[in-house]
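Overview (structure and organization)
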Amino acid sequence: MHQGKDAFPFLLAMDVIKGWNSMNILATTWLPVICSNGEAKTISLADIGDPKITNLNLPRADFQGAAYQLIVGVLQTVLAPEDSDDWLDKFEEPPSPEEFSKAFSQIEHAFNLIGEKPESPLFMQDFDPLESAKPSAATSLLIEAPGDNGIKLNTDFFIKRGFVEQMSLPMAALALFTLQINAPSGGQGHRTGLRGGGPLSTLVLSNQPDACLWQKLWLNVMSKEWLADNSKADWTNPDFSDGSVFPWLAPTVTSEKKAVILPTDVHPLHRYWAMPRRIRLNIEDRSGSCDISGEAAAQLVSSYRTQNYGNNYSGDWRTHPFTPYRGDPKKPDDEYLSIKGQPGGITYKQWEILRFARPDSQAHNSALVVSHMHQLSEYLDDDLKAQLRLWSFAYDMDNMKPRGFYSTEMPFAAMPAGLEEDFFSEVSALQTLAHDMGKQVRTQVKRAWFKRSDDAKGDFSFIDLMFWQRTEPVFFQAVSSLADQASAKPDELILTPEMAKRWLLAMQAISLEIFDELVLSSEPEPREMSEKIEARNILRGWLYRSKKPIQQFKTDYKIVSEQTQGVSA
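Scope of this entry: the structure provided in the associated data block. (Residues numbered from 1 in each chain as written. Predicted model: local features only at pLDDT ≥ 70, side-chain atom pairs only at ≥ 80, totals over all residues. Heavy atoms only, no water.)

The tally for this structure, following the rule as stated, stands at 14 salt bridges. K224 serves as the salt-bridge partner of E82, at 3.1 Å between the closest nitrogen and oxygen. Note that E82 is positioned in the loop between α1 (61–78) and α2 (84–92) and K224 in helix α7 (residues 224–230), a separation of 142 residues in sequence. For E82, a relative accessible area of 45% translates into the label partly exposed. With a shortest N-O distance of 2.9 Å, R278 and D126 are connected by a salt bridge. In this pair, R278 is assigned in strand β7 (residues 278–284) and D126 in the loop between α3 (97–104) and β5 (135–137), connecting sequence segments 152 residues apart. The class of D126 is buried, set by a relative accessible area of 1%. What you see here is one network of salt bridges that share partners, running through R60, D62 and E144. (Salt bridge = Lys/Arg side-chain N within 4 Å of Asp/Glu carboxyl O. Helix = DSSP H or I, 4+ residues; strand = E, 2+ residues; numbered from the N terminus. Buried < 20%, exposed > 50% of the residue type's maximum accessible area, 1.4 Å probe, protein only.)

Below, the structure is given as structure tokens:
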């Protein structure tokens, strides 16, 4: 698994892009990609079916995730397959550039970044020109930028004001889209995104060496047939002119008097294009260098106009294409809340929520694209199924302040339909015991460090994070073995004694390694050594001898114990 945490998403240099008299997200050549031979270039969206293109090549990690969501949203809006056969046909042979352009022409009017008139509707921007609004610096479009209050009080210690002063039009468009879909609370009347501030997004990718960009995108497009059978909403007959899909084509439902937008007020495709913030970009006809991409541009954005009290999304949006939601099993009628980024990143303790929809027993829904692929995967060849990945990413927000951005890939673990409950039960057994082990590691490390460990103050979450990160490969080895068994012996979907024993021994060894690294890596004072050894013995005793849960786990999975080693250091 690869996981990256950027203090904030990194910057890379890109090719030179000239200015445009007009820019349209769907028609203009602006999208940076990487090819199988290593060539970096820019294309229009009509060229995404080129098999030589392997991935997007955006200069920031959050832009990369946002661009995937944008393109998948476009494909779902105008090119959704009729059924699984249609999906498979297009997966193998994408539309031609001419076919893409014809499909995009249905909605091209909604994707202009530059308008002929001040009142022209513009992509992800308020219907009103907001001509009386005071300008804000373009850097504030970036979620990590210091707010107005931080600048006023001179508290922008780590992320400085002015670190991005001007953007090219493509980067301004992505900054705007990224803000709208992730919008955190931004002061009085500046609304959060439809999914809440800093939602966790989950997409399906292929890890096949020869996988092209088209296939990676198409894995996240759902068939009309599946949506009709699995979504309570009616995804048919969208109107691309009245604001029900693209909110910037109609006057904003301003919320100063507490007006809200409910799921029943708009078309389900609105989920891809929600726009909580009232913004208008100020586009300047002057040349310069984009501070995000490093590209030279003949038009720049260094400021924008904004007004508070934009679209205020409320109600139950749990069936979202990209985001898992969780509710309270004891209160099934309460609203579900979107899963958010958290300190410590995205680890396998969240995997079951990201991977499985269990609305009845556990009150959580995976992202719609994950549920769709779960059902569709039975039609895929074995090699592709084995290489499917879950890509999850999110800002970790502290109210309106981002602490970081996390992005990780984990196995998808495709399996035959109907085995979800049995598979989930086995996975939960591993995660429950892992949680107990991690808690014991943290407790005994603190015991070794402090005479009165229960009274020790401070943030010890780094111990938990170390445990979850170190044990993740072991967990997914067990998941992979279980998925193989689901395909080979679906009637016997349970961890074999050999699988369970291999996992348990590895977890016990890693737990002690973490303790030794944190406690015994430096030579303690002689008077402290006995206390540290005592804490290690307690941990070892729990890991190998505790009646519950270790011995219970061995009993449940018929693990034959070998001669237990002594518990002395």
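Having seen the structure, we can now continue with the description.
Moving on, we come to the nonpolar core. Grouped together as the largest cluster of nonpolar side chains are 160 residues, with contacts concentrated most on M167, W273, W351 and F423. When near neighbours in sequence (up to four residues on either side) are disregarded, W273 contacts L70, G73, V74, T77, F111, F123, M124, F177, V245, F246, P247 and W248. Counting residues in each nonpolar core, the second largest holds nine residues, with I261, V266, W317 and Y336 among its members. (Core = buried A, V, L, I, M, F, W, Y, C linked by side-chain atoms within 4.5 Å. Contact = heavy atoms within 4.5 Å.)

As a further point, take the packing of aromatic side chains. The geometry of an aromatic ring pair is captured by the separation of the ring centres together with the interplanar angle, meaning the angle of the planes. Per the stated rule, a full pass over the model turns up 36 aromatic pairs. Ring centres of F111 and W248 lie 6.3 Å apart, and the angle between their planes is 90°; this geometry places the pair in the edge-to-face category. Linking F111 in the loop between α3 and β5 with W248 in the loop between α7 and α8 (270–273), this pair joins segments that are 137 residues apart in sequence. An identical accessibility class is assigned to F111 and W248; each is buried. Ring plane angle 55° and centroid distance 6.5 Å describe the contact between W351 and F423, whose orientation is recorded as tilted. With a gap of 72 residues between them, W351 in helix α9 (residues 351–355) and F423 in helix α12 (residues 420–449) connect regions that are remote in the sequence. As far as burial versus exposure is concerned, W351 and F423 are alike and both buried. Among the aromatic residues, ring-to-ring pairing joins Y348, W351, F356, F423, F424, F467, W468, F475 and F476 into one connected group. (Phe/Tyr/Trp six-rings, centres within 6.5 Å; stacked < 30°, edge-to-face > 60°.)

The terminal C-alpha atoms of helix α5 (residues 169–182), which comprises 14 residues, lie 20 Å apart, in line with the 20 Å expected from a rise of 1.5 Å per residue. With 14 of its 14 residues buried, α5 lies for the most part within the structure. (Expected span 1.5 Å × (residues − 1).)

Note that all results are geometric; they support no functional claim without further evidence.
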